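Each chain, letter by letter, is given below.
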Amino acid sequence: MTAQPLLSAYAPGRVELLGNHTDYNDGVVLGAAIDRGLTMRGSKSTGGMISVSSKTMGCVEVGGSEIRPLVDDRWANYVLGVVSELRSLSIPIAGFSAEITGELPAGSGLSSSAALELATALFLLKLHQRELPPLAIAKACQRAEHRFAGVQSGLLDQVTSLFGRADHAVFFDCRTEEVRTIPFPKGLTLIIAESGKKRELASGDYNRRRAETRAAADALQVPALRDVTSLQLKTRHDLPELLRGRAAHIVEENERVWRAVDFLLAGDGPGFGALLNASHESSRRNFENSTPELDLLVSIAQNLPGVLGARLTGGGFGGATITLCEQPAAEEVATQLAKRYRAESGITSRVIISAIAAGAR
Ligand code: GLA
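Residues numbered from 1 in each chain as written. Predicted model: local features only at pLDDT ≥ 70, side-chain atom pairs only at ≥ 80, totals over all residues. Heavy atoms only, no water.

## Looking at the overall build of the protein chain
Definition in use: Numbering of helices and strands starts at the N terminus; helices are DSSP runs of H or I of at least 4 residues and strands are runs of E of at least 2. To get the radius of gyration, use the C-alpha atoms; to get the globule rule, take the number of residues to the power 0.38 and multiply by 2.2 Å. Classification of residues uses two cut-offs on accessible area relative to the type maximum, computed with a 1.4 Å probe and protein chains only: under 20% is buried, over 50% is exposed, and between them is partly exposed. Here a residue-residue contact requires only that any non-hydrogen atoms of the pair lie within 4.5 Å. Where accessible areas are quoted, they stem from the Shrake-Rupley method and a 1.4 Å probe; at the residue level, only the protein chains shown are allowed to cover. Counting rule for charge: Lys and Arg are taken as positive, Asp and Glu as negative, and neither His nor the chain ends is counted. Here the site of a charge means atom NZ of a Lys, CZ of an Arg, CG of an Asp or CD of a Glu.
Secondary structure assignment for the protein chain yields 10 helices and 11 strands. Taking 21 Å as the expected radius of gyration for a compact globule of 361 residues, we find that the protein chain reaches 20 Å, a close match to that expectation. Across its three principal axes, the protein chain shows a C-alpha extent of roughly 65 × 50 × 40 Å. Classification of the 361 residues of the protein chain by burial places 57% in the buried group. Taking contacts inside the protein chain between residues at least 6 apart in sequence as the whole, the part at least 24 apart equals 71%. When the accessible surface of the protein chain is summed, it comes to about 14900 Å², and 50% of that surface belongs to carbon and sulfur atoms. Between the centroid of the 39 positive side chains of the protein chain and the centroid of its 40 negative side chains there is a distance of 2 Å.

Below, the structure is given as structure tokens:
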């Protein structure tokens with residue numbers, strides 16, 4: 001028997017710079033791929049079995065033709081979901097055996113799920129010598145997440161991981177599907193701090209926010225919250241308070257993303273940083289997707305010298321924060337952030353200085 005060639009694909013994690021929960025509201029987002037990710041490496045197998053393993057998550061083996069979401073080993077659903085979606089695009093995925101490696105802990109808020117989906121998709125396409133347009137790959141991965149993980153997520157994570165570019169932010173307009181990369185100002189550094197509280201998207205908070213923002217758009221009689229300005233929203237006193245807060249968050253996040261694009265192009269770090277702070281405040285008050293731990297990380301960071309802004313990143317309800325700081329201060333900011341967070345919360349957090357890296361390949 002001739003050995004099957006080993007192939008591999010890599011997809012990075014991402015940070016959401018701004019545009020919190022705007023993606024599934026037809027809005028605009030700003031993300032960046034980070035220098036940590038997941039690699040899938042393997043080959044075709046005989047007999048049609050699908051076998052995936054990871055040192056941290058274990059090993060899963062399923063019969064190749066009967067793909068359905070697993071109840072145990074739910075991490076493997078991101079892989080199986082992609083297999084199922086590629087098959088429904090008429091790509092006949094055969095049995096394969098693969099190992100996942102990398103340093104992107106699940107639930108840390110850096111989108112290990114999208115990285116796993118994309119690494120799987122790129123690996124399988126390569127294995128079957130097929131190609132798809134990048135946005136079609138991103139959407140297949142998103143559908144995998146909807147159908148196999150039960151999370152009604154938008155496209156931010158997949159698009160950022162796929163289109164990421166070293167030292168560039170990724171701008172994505174979820175309505176027009178325009179993707180643009182924007183140079184990240186020189187002399188600025190991003191610090192990622194994990195709150196140590198896992199974010200469990202499927203737990204329902206995320207889908208609930210999605211339903212609330214949909215309800216707000218319906219009440220405002222617009223196709224999506226994308227179609228409302230903050231000025232218009234101020235006159236709508238008829239909207240119930242909860243929905244008004246949810247809508248204000250989305251509407252103002254979209255406006256912050258547009259302004260951030262200008263600040264980035266102008267190399268205006270303090271302007272950009274102020275938007276991060278405003279975004280976090282809105283998460284805390286309007287969208288209620290922050291946690292005491294994320295608030296603590298953000299407030300410690302905001303008071304350290306050299307810091308321009310900080311906010312939670314991604315879905316919220318746990319996960320991580322990003323801190324934007326002047327490059328010379330980065331080491332000290334990271335050290336102090338970890339130290340003070342541990343002193344005040346008792347939690348040892350992973351704080352990393354992250355480069356903005358290239359996307360999936
Ligand atoms: C998660 C989802 C994304 C996006 C963010 C919040 O990361 O997967 O689609 O909605 O939350 O902006």
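Let us keep going from here.
## Some remarks on the side chain of E293
Mapped onto the elements, E293 comes out in helix α9 (residues 292-302). On the basis of relative accessibility, which here comes to 17%, the residue E293 falls in the buried class. Filtering out sequence-adjacent residues up to four positions away, E293 remains in contact with S195, K197, Y341 and I347.

## Let's talk about the site of the ligand
Going by this rule: For this purpose, a residue is taken to be near a molecule or strand whenever a single non-hydrogen atom of the residue falls within 4 Å of it. Any pair of N or O atoms that falls within 3.5 Å is considered a polar contact. Within protein, one atom must be able to donate a hydrogen and the other to accept it, and sequence-neighbouring residues count only if both atoms are side-chain atoms. Following the grouping adopted for this structure description, the nonpolar residues are Ala, Val, Leu, Ile, Met, Phe, Trp, Tyr, Cys and Pro, the charged ones are Asp, Glu, Lys and Arg, and the polar ones are all others, Gly among them. Each domain span listed reflects an automatic or database assignment of domains.
Taken together, 15 residues form the shell around the ligand, and within it E16, H21, D23, D157 and Y206 come nearest. Contact between the ligand and E16: an oxygen atom at 2.5 Å from a side-chain N or O atom of the residue. Within the side chain of Y206, a nitrogen or oxygen atom sits 2.6 Å from an oxygen atom of the ligand. In isolation the ligand has 310 Å² of accessible area, and contact with the protein removes 100% of it. Counting residues per element, the ones that place at least two in the shell around the ligand are β1 (7-18) and α4 (156-163). Counted by class, the shell around the ligand contains 3 nonpolar, 7 polar and 5 charged residues. Each of domain 1 (7-180) and domain 2 (186-354) contributes no fewer than three residues to the shell around the ligand.

## A word on the side chain of S113
Within the secondary structure, S113 sits in helix α2 (residues 112-127). Each residue touching S113, except ones within four places of it in the same chain, is listed here: Y78 and E145.

## Here's the deal with the nonpolar core
Defined as follows: Residues belong to a common nonpolar core when they are buried Ala, Val, Leu, Ile, Met, Phe, Trp, Tyr or Cys residues joined through side-chain atoms within 4.5 Å.
V15, L17, L30, F96, F184 and F272 are the most contacted members of the largest nonpolar core, which has 75 residues in total. Top element by residues in this core is α2. It accounts for 10 residues. Those residues in contact with F96, other than ones at most four positions away along the chain, are S43, K44, S45, M49, I50, S51, V52, V79, V83, F123, L124 and L127. Counting 20 residues, the second-largest nonpolar core is a separate cluster that includes A193, L297, V333 and L337.

## With respect to the domain arrangement of the protein chain
Which entries qualify depends on this criterion: The quantity reported as buried area is the accessible area (1.4 Å probe) lost by two parts once they are put together, taken as the sum for both. Any carboxyl oxygen of Asp or Glu within 4 Å of a side-chain nitrogen of Lys or Arg constitutes a salt bridge here.
Annotation of the protein chain at the domain level lists domain 1 (7-180) and domain 2 (186-354). In this assembly, 41 residues from domain 1 lie in contact with 48 residues from domain 2. Taken together, both faces of the contact between domain 1 and domain 2 bury some 3500 Å²; the carbon and sulfur share is 58%. Counting every contact that joins domain 1 to domain 2 gives 3 salt bridges. On inspection of domain 1 and its partner domain 2, the count reaches 23 residue pairs in polar contact (both at pLDDT 80 or more).

## Regarding the packing of helix α7 (residues 241-266) against helix α8 (residues 269-287)
Note the threshold: Lines fitted to C-alpha atoms define the axes here, with helix axes fitted over just the stretch in contact, and angles between the N-to-C directions of these axes take values from 0 to 180 degrees. If an angle is under 35 degrees, it is roughly parallel; if it is over 145, roughly antiparallel; if it lies from 65 to 115, roughly perpendicular; otherwise it is oblique.
The interhelical angle for the contact between α7 and α8, taken along N-to-C directions, is 170 degrees, at an axis separation of 10 Å. Between α7 and α8, the angle falls in the class roughly antiparallel. Taking contact as the criterion, the partners of G245, R246, A248, H249, I250, E252, E253, R256, R259, A260, F263 and L264 in α7 are, on α8, G271, F272, L275, A278, S279, S282, S283, N286 and F287. Broken down by class, the residue content of the contact of α7 with α8 amounts to 9 nonpolar, 7 polar and 5 charged.

## Comments concerning the packing of α2 against α4
Angle between the axes and distance between the axes: these two values describe a pair of packed helices. In plain terms, the rule: Each crossing gets its handedness from the near helix: less than a right angle anticlockwise from the far helix is left-handed, clockwise is right-handed.
Two numbers describe how α2 lies on α4: the axes approach to 9 Å, and their chain directions differ by 55 degrees. When the axis of α2 is compared with that of α4, the two are oblique. Crossing of α2 over α4 shows right-handed handedness. When α2 is examined against α4, the residues A114, E117, L118 and L122 are found in contact with a partner set consisting of D157, Q158, S161 and L162. Its residues assigned to classes, the contact of α2 with α4 comprises 4 nonpolar, 2 polar and 2 charged.

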